[in-house]
Every structure is written in C-alpha cells, then in structure tokens.
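One letter stands for each residue in the lines below.
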Amino acid sequence: MRKEKQIVRDFYEDFGWERNAEGFYRDTAAFVDVRSELHSYQETSMRRLAAYFHGGGRLFLDAGCGATPSEEYVAVGEAYQKRVCVDFSRKALLEARETLGSNALPVLADITALPFREDTFDAVLCAHVIYHIPQEEQTDAIEELNRVLGINGTGVIVYTWSKCLMTTLALFLNPRLWVPKIPGMRWLWRRFLKKTATPPNVPKVSEHPPLFFGPQDYTWYQNELKQRVPVSLSCWQAVSLPFSQAFIFGPRSAKLLLGLIGLLERYFPRLMGRIGAYPLFILQKNKNK
C-alpha cells in the first residue's frame, strides 16, 4: 500500500471514526462546522445529494463509505434494497454495519481496484474520498467507479477543489483577521463580535494525526477527467469550513448569507460547483457511451 493511503487508513482507524466528548466523530469535528446555525444549510445539501438517488433500485455502492456518519447520509441510499459499503478501514466498516444493520454489505477494498464486475450497481456514491487518493490515481479511481456503474445508473462523486473563489475570498477577507487591526474597530470587536467570531470545538491541525489531502483544480477536471470519463459538473456545497468560520457569526448572518448562497446553488449549480468548495461530478453512463 502506498504511503499516502496508509496515512489515510491510519487516520480513520485510530482517530477519525472515534467519537469525541460531544458525540461527534472526530473526523466531523475536525473538518465540519458543527454549529447549529449551519444545520439547515447542511441538511439542504444532503437533500440535494439524495435527490439523485430517489428512484431506488437493487444495489447501491457506497464507495469509501466511512462510518456513514449522519442520518442524512444514511438516507441518501435508503431507496435501494442493499447498500454495498466499501472502505479500506475496518473501523469504518464496523461502524457502518452497526448503523445500517442487515441492509449493509461491507467489503474491505481499495476503491482504485474494486472487486466487482462491470455494470454491477444501480447507483454509485463516492463522497469526500477521491481527494484523499494520490493525484495520479484519482482519474483512474473515477474510471473504476464508472466501470462498475450499471447502464443508465446514477453515479455521484463529492469532490473538493485545491483552490476555489469562495474559499480564497474567505482566506483573504476574513474579518476575524483584519477588523481587529483597525484602530477604531478594536473596542467594537472585543465588545460585540469576538465571542461569536471563533466557532467553538474546532480542533487545530496539530490536534489530530496527519491526513493525506490531494485535491486538484478545475484544469484537471476540464483537461483530464472529462476527456476520460463521461462526467458533468454540479454543486453539492459551495461553503467550506474557512468560509463559514470567516463570515458566519450567528443566526442572522447564517440566515442571510447561507440563504443567498443556497439560492445560487439551486439555480446556478454548475457555476457554484465551479467557484464553490465542494463540486459534484455526475457520472453519465448510458447505452450510447
């Protein structure tokens, strides 16, 4: 096994799929803004994902299933008779089986070499996995997912860009960084905004083991992935953790800003998939391909 993959497996075996004192998986606590202000937006994102799979069928492949960490995630594949859960972490598969019960068929495997025949599955989901694979294997992995997807089946991949406009804006325009430096704003910041500016329970990088992270940019999607796999672009969630940390201070800012972003995601999904943090790659496998 490559070193990068060993790092990912060790992270989830020893840390990611353990729960913290608040009951969250440590992976979720490290990389997701778990404040209540974002729940509605996050639930909408999961419903958007689930909508691709509402038709149901016999076999649903959850590639890199992890611990199936939320009720909303579990609901994505509930219209299918059996959910084949693939992961190379034994801890992940044990957690997934505990959550899904007899509906889960756990398989210990690497998604870059799936042990299934061509056209096996009615649907394929691969969420937050591909960008933890070495970059030179990512297109191969997506080709492998397309190989096992049945003709006219539904395949959806949740990815993240190495750089995108919305996260770049958050990093450069984060008011937590520049507002306290303005002399006339220091008192106002300390008095009214400082307590709400920093989300609670967000671990620092040094507080968790290393995790390999190798996302690519839009150029890779356009010039390599699209040339090898029949795929289209949409949006799962435009908001990243740096963005929500920078601009969401409480219920009012969440309602206004996330409400606007949600509308843009709904009516301009390809644009928001291009400039937002988490695009969707939609596999389009049909008889003519």
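Residues numbered from 1 in each chain as written. Predicted model: local features only at pLDDT ≥ 70, side-chain atom pairs only at ≥ 80, totals over all residues. Heavy atoms only, no water.

### Side note on the sheet that holds strand E1 (residues 57-63)
Turning to step 1, where the next piece is worked out: If you walk across this open sheet you meet the seven strands as E3-E2-E1-E4-E5-E7-E6, and the pairing is mixed. Two strands lie at the open edges of the sheet, namely strand E3 (104-108) and strand E6 (231-237), each paired on one side alone. Averaged over all neighbouring strand pairs, the angle between strand axes comes to 20°, with direction disregarded.
Turning to step 2, where the next piece is worked out: Pairing of strand E2 (residues 80-87) with E3 involves five bridges; the strand directions are parallel. Bridge pairing links Val84 to Leu105 in E3.
Turning to step 3, where the next piece is worked out: Contacts from helix H3 (residues 39-51) reach strand E4 (121-127), strand E5 (149-158), E6 and strand E7 (278-283) within the one sheet, and its direction differs from that of E6 by about 155°.
Turning to step 4, where the next piece is worked out: Seen against the sheet, helix H6 (residues 135-148) touches E1, E4, E5 and E7 and runs at an angle of roughly 145° to E5. (Pairing = 2+ DSSP bridges. Helix = DSSP H or I, 4+ residues; strand = E, 2+ residues; numbered from the N terminus. Axes fitted to C-alpha atoms, helices over the stretch in contact; angles between N-to-C directions. Contact = heavy atoms within 4.5 Å.)

### What to know about the nonpolar core
Turning to step 1, where the next piece is worked out: In terms of nonpolar packing, the biggest core is built from 51 residues, with Leu49, Leu61, Ile130, Leu145 and Phe281 touching the most fellow members.
Turning to step 2, where the next piece is worked out: Each residue touching Phe281, except ones within four places of it in the same chain, is listed here: Ile142, Gly155, Val156, Ile157, Tyr159, Trp161, Trp220, Tyr221, Leu225, Val231, Ser232 and Leu233.
Turning to step 3, where the next piece is worked out: One finds Tyr41, Ala170, Ala246 and Met272 within the second-largest nonpolar core, a separate group that totals 15 residues. (Core = buried A, V, L, I, M, F, W, Y, C linked by side-chain atoms within 4.5 Å. Buried < 20%, exposed > 50% of the residue type's maximum accessible area, 1.4 Å probe, protein only.)

### Quick notes on the pairing of E7
Turning to step 1, where the next piece is worked out: In terms of residue burial, E7 counts as a mostly covered element, since six of its six residues are buried.
Turning to step 2, where the next piece is worked out: Of the two faces of E7, the one carrying Tyr278, Leu280 and Ile282 and the one carrying Pro279, Phe281 and Leu283 are both buried.
Turning to step 3, where the next piece is worked out: Bridge count for E5 against E7 is four bridges, and the pairing is antiparallel. Across the sheet, the residue bridging to Gly155 is Leu283, located in E7.
Turning to step 4, where the next piece is worked out: Pairing of E6 with E7, which is carried by six bridges, proceeds in the antiparallel orientation. Across the sheet, residue Val231 finds its bridge partner in E7, namely Leu283.

### Section: the layout of surface pockets
Turning to step 1, where the next piece is worked out: Counted as a void, the second largest pocket has a volume near 200 Å³.
Turning to step 2, where the next piece is worked out: Forming the boundary of the second largest pocket are Glu37, Ser40, Tyr41, Thr44, Arg48, Ala254, Lys255, Leu258, Gly259, Gly262, Leu263 and Arg266.
Turning to step 3, where the next piece is worked out: The leading source of residues in the lining of the second largest pocket is helix H12 (residues 251-267), at seven residues.
Turning to step 4, where the next piece is worked out: Among the residues forming the lining of the second largest pocket, the class breakdown is four nonpolar, four polar and four charged. (1 Å grid on protein atoms, 1.4 Å probe; cavity = no way out; pocket = protein on both sides within 12 Å on 5 of 7 lines; lining within 4 Å. Points joined across faces, edges and corners; volume = space filled by probe spheres on them. Nonpolar A, V, L, I, M, F, W, Y, C, P; charged D, E, K, R; others polar.)

### As for H12
Turning to step 1, where the next piece is worked out: Here H12 spans 24 Å end to end across 17 residues, near enough to the 24 Å set by a 1.5 Å rise per residue.
Turning to step 2, where the next piece is worked out: Every buried residue of H12 is accounted for by Ala254, Leu258, Ile261, Gly262 and Glu265. (Expected span 1.5 Å × (residues − 1).)

### Quick notes on the pattern of salt bridges
Turning to step 1, where the next piece is worked out: Taken as a whole and judged by the stated rule, the model has 15 salt bridges.
Turning to step 2, where the next piece is worked out: When the shortest N-O distance is used, the salt bridge between Arg2 and Glu136 registers 2.8 Å. One end of the pair, Arg2, is in the segment before helix H1 (3-16); the other, Glu136, is in helix H6, with 134 residues separating them in the sequence.
Turning to step 3, where the next piece is worked out: As a salt-bridge pair, Glu143 and Arg228 come within 2.7 Å of each other at their nearest N and O atoms. Taken together, the residues Glu143 in helix H6 and Arg228 in helix H10 (residues 218-228) connect sequence positions 85 residues apart.
Turning to step 4, where the next piece is worked out: With relative accessibility at 29%, the residue Glu143 sits in the partly exposed group. (Salt bridge = Lys/Arg side-chain N within 4 Å of Asp/Glu carboxyl O.)

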